[in-house]
Amino acid sequence: MIGMKLAQAKGLFFDRQVVTNAADRAQRKVLSKFGAFVRQTARTSIRKRKSISEPGQPPSSHTGLLKRNIFFVFSPETRSVVIGPILLNQRTDAPRILEHGDTVVRKKRTKRVRMKYRARPFMGPAFEREQQKLPALWRNSVK
């Protein structure tokens, strides 16, 4: 005999659903904050100026379109956060080309013109910079 009633003993065990729900809420909150931080860092790295940025540096914003169209979303199905620019138009994938660089063939009148774009990463460096802060976001997140 332990000297404890059944109701008291049950109160000492973890309630699995309560713990799971708290962990899910914490995960959604932490990953959403992380997505917001990466988005903000990427947006601030893109400077508004008329000149072209150097290869390897974040791109310049001439119209502000790229800067305004960087978003993040928490996906409950995959339990992850997706951060990045949305597709600006259906003809080109400009954000991907800016991030990684590429050679694009375009048709100008009757000629085909090959244009080489060098990488001007903005999402990768923002992710790397904010990734260091992720352990601090997780600290004491499950309550």
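See the structure printed just above.
Student: Looking at this structure, I do not really get the overall build of the chain. What am I missing?
Tutor: Of the regular secondary structure elements, the chain holds six helices and six strands. Taken from the N to the C terminus, the helices and strands of the chain come in the order α-α-β-β-α-β-β-α-β-β-α-α. When the backbone C-alpha atoms are referred to their principal axes, the chain occupies close to 90 × 30 × 20 Å. Classification of the 143 residues of the chain by burial places 27% in the buried group. Relative to all contacts within the chain whose residues are 6 or more apart in sequence, the contacts with residues 24 or more apart total 53%. On the chain, roughly 11,000 Å² of surface is accessible, and the fraction owed to carbon and sulfur atoms is 55%. Here the chain holds 32 positive side-chain charges and 9 negative ones, and the gap between their average locations is 7 Å.

Student: Looking at this model, I keep getting lost on the layout of surface pockets. Mind explaining?
Tutor: Summary: where empty space remains is shown by rolling a probe the size of a single water molecule over the atoms. Here the second largest pocket defines a volume of roughly 220 Å³. Along its surface, the second largest pocket is lined by Ala22, Arg25, Ala26, Lys29, Val30, Lys33, Leu137, Arg139, Asn140, Ser141, Val142 and Lys143. At six residues, the largest contribution of residues to the lining of the second largest pocket is made by helix α2 (residues 16-45). Across the lining of the second largest pocket, the residue classes tally to five nonpolar, two polar and five charged.

Student: How do you make sense of the pairing of strand β5 (residues 102-108) when you look at a structure like this?
Tutor: For a regular strand, side chains alternate in direction, first toward one face of the sheet and then toward the other. Direction of pairing for β5 relative to strand β6 (residues 111-117): antiparallel, over a ladder of seven bridges. Looking at β6, one finds that lysine 107 is bridged to arginine 112. Two successive antiparallel strands, β5 and β6, enclose a turn made up of two residues, where arginine 109 displays a positive phi of approximately 55°.

Student: Looking at this structure, how should I read the packing of aromatic side chains?
Tutor: Here a ring pair, both rings aromatic, is described through the centre-centre distance and the interplanar angle of the planes. Per the stated rule, a full pass over the model turns up one aromatic pair. Centroid distance phenylalanine 34 to phenylalanine 127: 5.5 Å. Interplanar angle 80°. Geometry classified as edge-to-face. Of this pair, phenylalanine 34 sits in helix α2 while phenylalanine 127 sits in helix α5 (residues 123-131), and the two are 93 residues apart along the sequence.

Student: Honestly, the pairing of strand β4 (residues 80-85) in this entry has me stumped. Any pointers?
Tutor: Pairing between strand β3 (residues 70-75) and β4: six bridges, direction antiparallel. Among the inter-strand pairings, phenylalanine 72 is bridged to a residue of β4, identified as isoleucine 83. Following β3, the chain reverses through four residues before pairing antiparallel with β4; arginine 79 in that reversal takes a positive phi of roughly 55°.

Student: I would appreciate a short explanation of the nonpolar core in the present structure.
Tutor: Note that soluble globular proteins tend to have their nonpolar side chains buried in a common cluster. Counting twelve residues, the largest nonpolar core is built from Val30, Phe34, Val38, Ala42, Ile46, Leu66, Ile70, Phe122, Met123, Ala126, Leu134 and Leu137. Broken down by element, the residue count for this core peaks at four residues, all from α2. Dropping the residues within four chain positions of it, isoleucine 70 is found in contact with Arg39, Ala42, Arg43, Ile46, Gly84, Pro85, Phe122 and Met123.

Student: I would appreciate a short explanation of the environment of isoleucine 46 in the present structure.
Tutor: With respect to the secondary-structure elements, isoleucine 46 resides in the loop between α2 and β1 (47-48). In this structure isoleucine 46 comes out as buried when scored by relative accessible area, which is 0%. In the structure, isoleucine 46 is positioned 14 residues away from serine 60 in sequence and 5.7 Å away in space, judged by C-alpha atoms. Residues in contact with isoleucine 46, not counting those within four places in the same chain, are Pro59, Ser60, Ser61, Leu66, Lys67, Ile70 and Phe122.

Conventions adopted
Residues numbered from 1 in each chain as written. Predicted model: local features only at pLDDT ≥ 70, side-chain atom pairs only at ≥ 80, totals over all residues. Heavy atoms only, no water. Helix = DSSP H or I, 4+ residues; strand = E, 2+ residues; numbered from the N terminus. Buried < 20%, exposed > 50% of the residue type's maximum accessible area, 1.4 Å probe, protein only. Contact = heavy atoms within 4.5 Å. Areas by Shrake-Rupley, 256 points an atom, 1.4 Å probe, with all protein chains shown as cover. Lys, Arg positive; Asp, Glu negative; His and termini not counted. Charge placed at Lys NZ, Arg CZ, Asp CG, Glu CD. 1 Å grid on protein atoms, 1.4 Å probe; cavity = no way out; pocket = protein on both sides within 12 Å on 5 of 7 lines; lining within 4 Å. Points joined across faces, edges and corners; volume = space filled by probe spheres on them. Nonpolar A, V, L, I, M, F, W, Y, C, P; charged D, E, K, R; others polar. Pairing = 2+ DSSP bridges. Phe/Tyr/Trp six-rings, centres within 6.5 Å; stacked < 30°, edge-to-face > 60°. Core = buried A, V, L, I, M, F, W, Y, C linked by side-chain atoms within 4.5 Å.

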